[in-house]
Structure formats: structure tokens, C-alpha cells
Amino acid sequence: MRDSETLAREVIARCQMLARFSEDVGSIRRTFLSPPMRDVHRAIAEWIIPLDATSRVDAAGNLRILFAGAEANAPRLLIGSHLDTVPNAGAYDGVLGVVLAVALLSARDARKYPFAIDVLGFSEEEGVRFGIPFIGSRALVGTLDEQLLSCRDDRGISVREAIANFGLNPAEIEQAAISGDILGYIEFHIEQGPVLENAGHPLGVVEAIAGQSRMEFTFTGHANHAGTTPMHLRHDALAAAAEWISAVELQARNTTGMVATIGAIHAKPGAVNVIAGEAQLTLDVRHQSDEIRNQAVDYFIRQAEDIATRRGVHVQSKKLMDQQAVPMDSFLVHQVAEAVRRAGCEPFRMVSGAGHDAMILAARVPSAMIFLRTPGGISHDPAETVEVDDVRKAIDCGIHLLDQLASSSDFLSSSSRTRRA
Ligand SMILES: [Zn+2]
């Protein structure tokens with residue numbers, strides 16, 4: 001048994017060590033079943049030898065570490081995150097959650113728990129290689145389907161071929177799905193945003209993963225000469241779009257918990273001396289409540305139409321994505337809040353604006369997430385860091401959480417396990 005300060009330093013050193021396994025020289029990139037993923041699997045498998053745990057890689061490329069419980073056939077608790085990265089990544093996004101889970105196994109005599117612990121290192125969460133995220137966790141919940149397996153990367157290699165090329169058997173995908181007595185899924189992850197730092201909290205209790213709408217708007221006016229067309233005779237598509245962007249920003253600012261982003265704009269014909277005849281924009285809206293998000297989207301459409309009418313231009317909108325919010329399991333959220341408190345921190349509740357593996361797992365098993373403060377709010381960047389003391393608190397929180405769950409008859413009873421079945 002080792003103290004959490006020592007473990008925290010080891011967790012950070014291990015994340016930095018795994019960061020060396022990259023497809024790129026001088027920066028971190030580790031996409032789905034790329035060669036460096038094998039090195040990561042090998043390194044973690046070595047760490048768990050003294051813990052008397054076993055590891056394997058499933059057919060979807062997920063690393064599965066099994067730490068047996070006190071009794072054979074004990075129910076299982078899943079703890080994990082993802083091992084893939086974006087290009088030019090930091091060392092902690094995803095990886096920290098896996099390395100921290102391994103640290104929890106060595107923090108206590110985990111064999112005394114009335115459940116077995118499965119540490120999961122998901123093969124793919126970011127969606128970099130195939131443009132589709134969560135390949136790893138989808139396999140666990142049984143939704144890695146034929147269509148997804150046929151998707152191809154930019155070299156023309158399909159998901160199925162990538163699996164075979166890595167030495168795995170795509171015919172065994174179905175066996176990667178979780179089955180049997182699963183108690184829940186816990187994920188530690190860096191916040192990847194400025195909220196915790198801003199509020200002065202090391203840890204965050206995630207209540208839900210925000211729902212998300214993505215849309216495309218096209219304003220159509222008349223392109224004309226910038227010198228000869230007086231202001232009052234214009235049908236400027238870009239000016240209409242600009243007015244609408246400000247309206248969207250104002251509404252989102254005035255709605256608690258909402259974020260709305262127009263991240264891309266394309267104006268045609270796109271010349272310095274021509275009034276824009278067309279402006280195409282993207283819209284991304286997120287909120288914990290699907291009702292509030294849907295109402296906001298309707299409002300943004302009406303605003304665009306009002307602005308267009310007043311300016312004598314047309315507007316069309318198209319829905320690209322409509323993803324519902326995923327609440328975390330209320331029992332586990334309560335337990336996480338209590339564990340955060342026992343670790344000496346205020347249980348600050350928050351919503352994740354980004355998608356995570358927990359969102360996919362929540363469809364099958366009670367799930368919960370704990371966020372760690374991200375210094376400067378910087379993530380998906382080599383400057384991504386974590387504080388040793390925050391990692392220490394996260395480890396303490398994890399130890400308390402496991403102890404609480406181990407002594408909760410509510411949690412161990414079948415009624416809690418079937419909550420989401
Ligand atoms: Zn991540």
C-alpha cells in the first residue's frame with residue numbers, strides 16, 4: 001500500500017512516459033490501432049504484473065485489465081478512459097483516466113472488494129482516424145456495427161482491416177461487448193476547459209454530458225458591385241449573417257449553462273470589392289437540458305428568418321446532428337460527490353460540454369465521471385498539464401469511492417445494477 005502523493009507523482013510520470021509512444025516525431029499522435037498503441041498496451045501490461053491482474057486486448061483494440069474480486073464470479077466494476085489521442089496532443093487527455101485507474105488498484109488491498117475491477121483503456125474515442133468517435137466504447141455496448149466497421153480512413157483502410165492489421169480478429173467483435181454482472185462505469189478525465197480553475201476547485205462531479213445540436217445556415221442575397229451599390233439598395237448576405245451571429249451570442253450568454261458557437265463561415269464570391277451574395281455558417285449549440293437546447297435552436301431559426309426578411313435576403317437551415325444529453329447515474333453521482341468531499345474538496349457539480357466514453361457506456365451501465373482541473377483550461381495541445389496535488393486528490397477520491405461502493409448494499413444489490421438495463 002502506498003500513499004497517494006507518491007502514487008500521484010507516479011501517475012504523472014507514467015502519462016509522460018506513454019506520451020513518448022507516438023506516430024509523429026516530436027509531438028503526440030496516437031490514433032486507432034496505430035503501431036505506438038501496441039507499445040502503450042505493453043507498458044501498461046508490465047505495470048500490472050505486480051498487482052496480480054491479467055490483461056488482454058479485445059477485438060476492438062481495447063486494453064482490458066481484469067483484477068479479480070474476493071470471490072469467483074463476483075460482479076464487476078468498470079473504470080477507464082481512452083488511450084488514443086488527437087494530433088499534436090497533450091499527455092493527459094484520456095490516458096490519465098486509465099493510468100489513474102491502475103494506480104487505484106495498487107492503492108489498497110483491492111482484493112478485499114466484493115467486486116472485481118475491470119480497467120478499460122479504450123482504443124478510440126477522438127474520432128481522428130475514421131472521423132467517427134467512440135469506436136472502442138461502442139464495441140463494449142455492442143453498437144460497433146457493420147456500417148461502422150466498413151468506414152475507411154484517408155489511406156482507404158477500413159476499421160475491419162485496421163483491426164486485422166493489428167493482429168486482432170474482427171469476427172470476435174461481438175465478444176468484446178460487456179456481459180454478466182456489471183455494477184457500473186467510472187471515468188476520471190481532465191476537464192479540458194477553464195470552469196474548475198475559474199471556480200477554484202480541483203475536482204468536478206459530472207452530472208450530465210450536454211446534448212448537442214449541429215446545424216448549417218445559408219443566407220442568400222445578391223452579389224453586387226461594392227462601389228456602385230448604395231447601402232440602402234443592398235441585399236448583403238454576409239451582413240445578415242453577422243447580425244444573426246451577434247443575436248445567437250447574446251441569447252447564449254443570457255441562458256444559464258448554454259454554449260452556442262458559429263465556428264465556420266464561408267462567404268461567396270469572397271472578394272474585397274463585391275457584396276457577398278451568399279454566406280454559409282455552422283452552428284453548434286449545447287446544453288444539459290434537451291428542452292432548453294431545442295427551444296434555443298427554434299429561436300435561432302426564427303431570428304435568422306426575421307433578420308433575413310428585414311434585409312431582403314433568404315435563409316435556409318439544415319440539421320446536421322441532434323444528440324441528446326446523457327445524465328450520469330444519480331446514485332453514482334451522489335457517491336462521487338461524497339467521495340470528493342472525503343478527499344477534502346467541495347463537490348462542485350458540473351456538466352460536460354464535451355462527449356466522453358461515459359456517454360456511450362451510460363446506455364448500458366450506471367455511469368459517472370470525475371473531472372480534474374485543467375491548468376489554463378488548455379487541452380488537445382502539448383501544453384496540457386495537471387497539478388500533482390489535484391491528481392493526489394483524485395486518487396483519494398477514487399479510494400473513498402471504491403470503499404463507499406464496497407460497503408453499499410444498495411450498490412451491490414441487483415436493483416441498482418438493473419437501473420439502466
Ligand atoms: Zn478525452
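Residues numbered from 1 in each chain as written. Predicted model: local features only at pLDDT ≥ 70, side-chain atom pairs only at ≥ 80, totals over all residues. Heavy atoms only, no water.

**Q** Account for the overall build of the chain, naming residues and giving values.
**A** Tallying secondary structure elements over the chain gives 14 helices and 16 strands in all. What you see for the chain is a C-alpha radius of gyration of 24 Å, in line with the 22 Å of a compact globule of 421 residues. Each of the three principal axes of the chain carries a C-alpha extent, and together these read 80 × 45 × 40 Å. With 421 residues in all, the chain has 53% of them scored as buried. Residue pairs in contact within the chain that sit at least 24 positions apart in sequence constitute 78% of those at least 6 positions apart. Approximately 18200 Å² of the chain is accessible, and the part contributed by carbon and sulfur atoms is 49%. (Helix = DSSP H or I, 4+ residues; strand = E, 2+ residues; numbered from the N terminus. Rg over C-alpha atoms; globule rule 2.2 N^0.38 Å. Buried < 20%, exposed > 50% of the residue type's maximum accessible area, 1.4 Å probe, protein only. Contact = heavy atoms within 4.5 Å. Areas by Shrake-Rupley, 256 points an atom, 1.4 Å probe, with all protein chains shown as cover.)

**Q** Give a detailed account of unusual backbone geometry, specifying residues and quantitative values.
**A** In this structure, Pro269 follows Lys268 across a cis peptide bond, with omega equal to 0°. Position of Pro269 among the secondary structure elements: in the loop between strand E10 (265-268) and strand E11 (274-275). One non-glycine residue, Asp52, lies in the positive phi region at around 60°. Residue placement: Asp52 occurs in the loop between helix H2 (35-47) and strand E1 (54-57). Assessed through its relative accessible area of 55%, Asp52 is described here as exposed.

**Q** Could you give an account of the pattern of salt bridges, naming the residues involved and the relevant values?
**A** Summed over all chains, the structure comprises 26 salt bridges. The salt bridge partner of Arg253 is Glu249, with a shortest N-O separation of 3.9 Å. Separated by four residues within a single helix, Arg253 and Glu249 lie in helix H8 (residues 237-253), roughly one turn from each other. The exposure class of Glu249 is partly exposed, given its relative accessible area of 47%. Connected via shared salt-bridge partners are Asp389, Arg392, Lys393 and Asp396. (Salt bridge = Lys/Arg side-chain N within 4 Å of Asp/Glu carboxyl O.)

**Q** Talk me through the coordination of the zinc ion; I want residue IDs and the actual numbers.
**A** Ligation of the zinc ion by protein atoms is provided by His82 (NE2), Asp93 (OD) and His189 (NE2), these donors lying 2.0 to 2.2 Å from the ion. Each donor residue of the zinc ion lies on the same chain, and together they follow the pattern H-x10-D-x95-H. Of this pair, His82 sits in strand E3 (residues 76-82) while Asp93 sits in the loop between E3 and helix H3 (95-107), and the two are 11 residues apart along the sequence. (Donors = N, O, S within 2.8 Å, 3.2 Å for Na, K, Ca; no water.)

**Q** How would you explain the packing of aromatic side chains if you had to name every residue and give the values?
**A** One pair of aromatic rings is described through two measures. These are the centre distance and the angle between the planes. Using the criterion set out here, one finds eight aromatic pairs in the structure. Three or more aromatic residues joined by ring pairs form one cluster here, namely Tyr113, Phe115, Phe331 and Phe411. Above the ring of Phe166, the side-chain terminus of Arg38 is found at 4.1 Å from the ring centroid. (Phe/Tyr/Trp six-rings, centres within 6.5 Å; stacked < 30°, edge-to-face > 60°. Lys NZ or Arg CZ within 6 Å of the ring centre and 35° of its normal.)

**Q** Explain helix H9 (residues 290-311) residue by residue, including any values.
**A** With 22 residues, H9 should reach 32 Å at 1.5 Å per residue; the first-to-last C-alpha distance of 32 Å fits that figure. When we look at burial in H9, the residues that qualify are Arg293, Ala296, Val297, Phe300, Gln303, Ala304, Ile307 and Ala308. Down the axis, H9 shows its buried residues gathered within 125° of arc, on one side only. Of the residues in H9, the exposed ones pointing more than 90 degrees away from the buried face are Glu291, Thr309 and Arg310. Elements that come into contact with the buried residues of H9 comprise strand E7 (211-220), H8, strand E9 (259-261), strand E12 (278-287) and strand E13 (314-323). (Expected span 1.5 Å × (residues − 1). Arc of directions from axis to C-beta.)

**Q** Give me the lowdown on the nonpolar core, citing residues and values where you can.
**A** Counting 111 residues, the largest nonpolar core has Ile44 and Val391 as the members making the most contacts within it. Look past the residues within four positions of Ile44 in its chain and what remains in contact with it is Leu18, Leu63, Ile65, Leu83, Val98 and Val102. Counting residues in each nonpolar core, the second largest holds 22 residues, with Phe217, Met258, Leu283 and Ala304 among its members. (Core = buried A, V, L, I, M, F, W, Y, C linked by side-chain atoms within 4.5 Å.)

**Q** Tell me about the pairing of E1, and please be specific about residues and values.
**A** Working note: regular strand, side chains alternate between the two faces of the sheet. Note: E1 against strand E2 (residues 63-67), four bridges, orientation antiparallel. Among the inter-strand pairings, Ser55 is bridged to a residue of E2, identified as Ile65. Taking the residues that link successive antiparallel strands as the turn, the E1-E2 hairpin has five residues, and the phi of Gly61 there is positive, at about 85°. (Pairing = 2+ DSSP bridges.)

**Q** Talk me through the side chain of Gln404; I want residue IDs and the actual numbers.
**A** Here Gln404 is to be found in helix H12 (residues 388-406). A polar contact is formed between the side chain of Gln404 and the side chain of Gln335, at a distance of 2.8 Å. When near neighbours in sequence (up to four residues on either side) are disregarded, Gln404 contacts Gln335, Glu338, Ala339 and Arg342. (Polar contact = N/O pair within 3.5 Å; in protein donor to acceptor, adjacent residues only side chain to side chain.)

**Q** Before we move on, can you summarise the side chain of Arg64 with the specific residues and values?
**A** Within the secondary structure layout, Arg64 lies in strand E2. Within the structure, the side chain of Arg64 is placed 2.6 Å from the side chain of Asp58, a separation counted as a polar contact. Setting aside chain neighbours within four positions, we find Arg64 in contact with Thr54, Ser55, Arg56, Asp58, Val119, Leu120, Leu140, Ala176 and Ile178.

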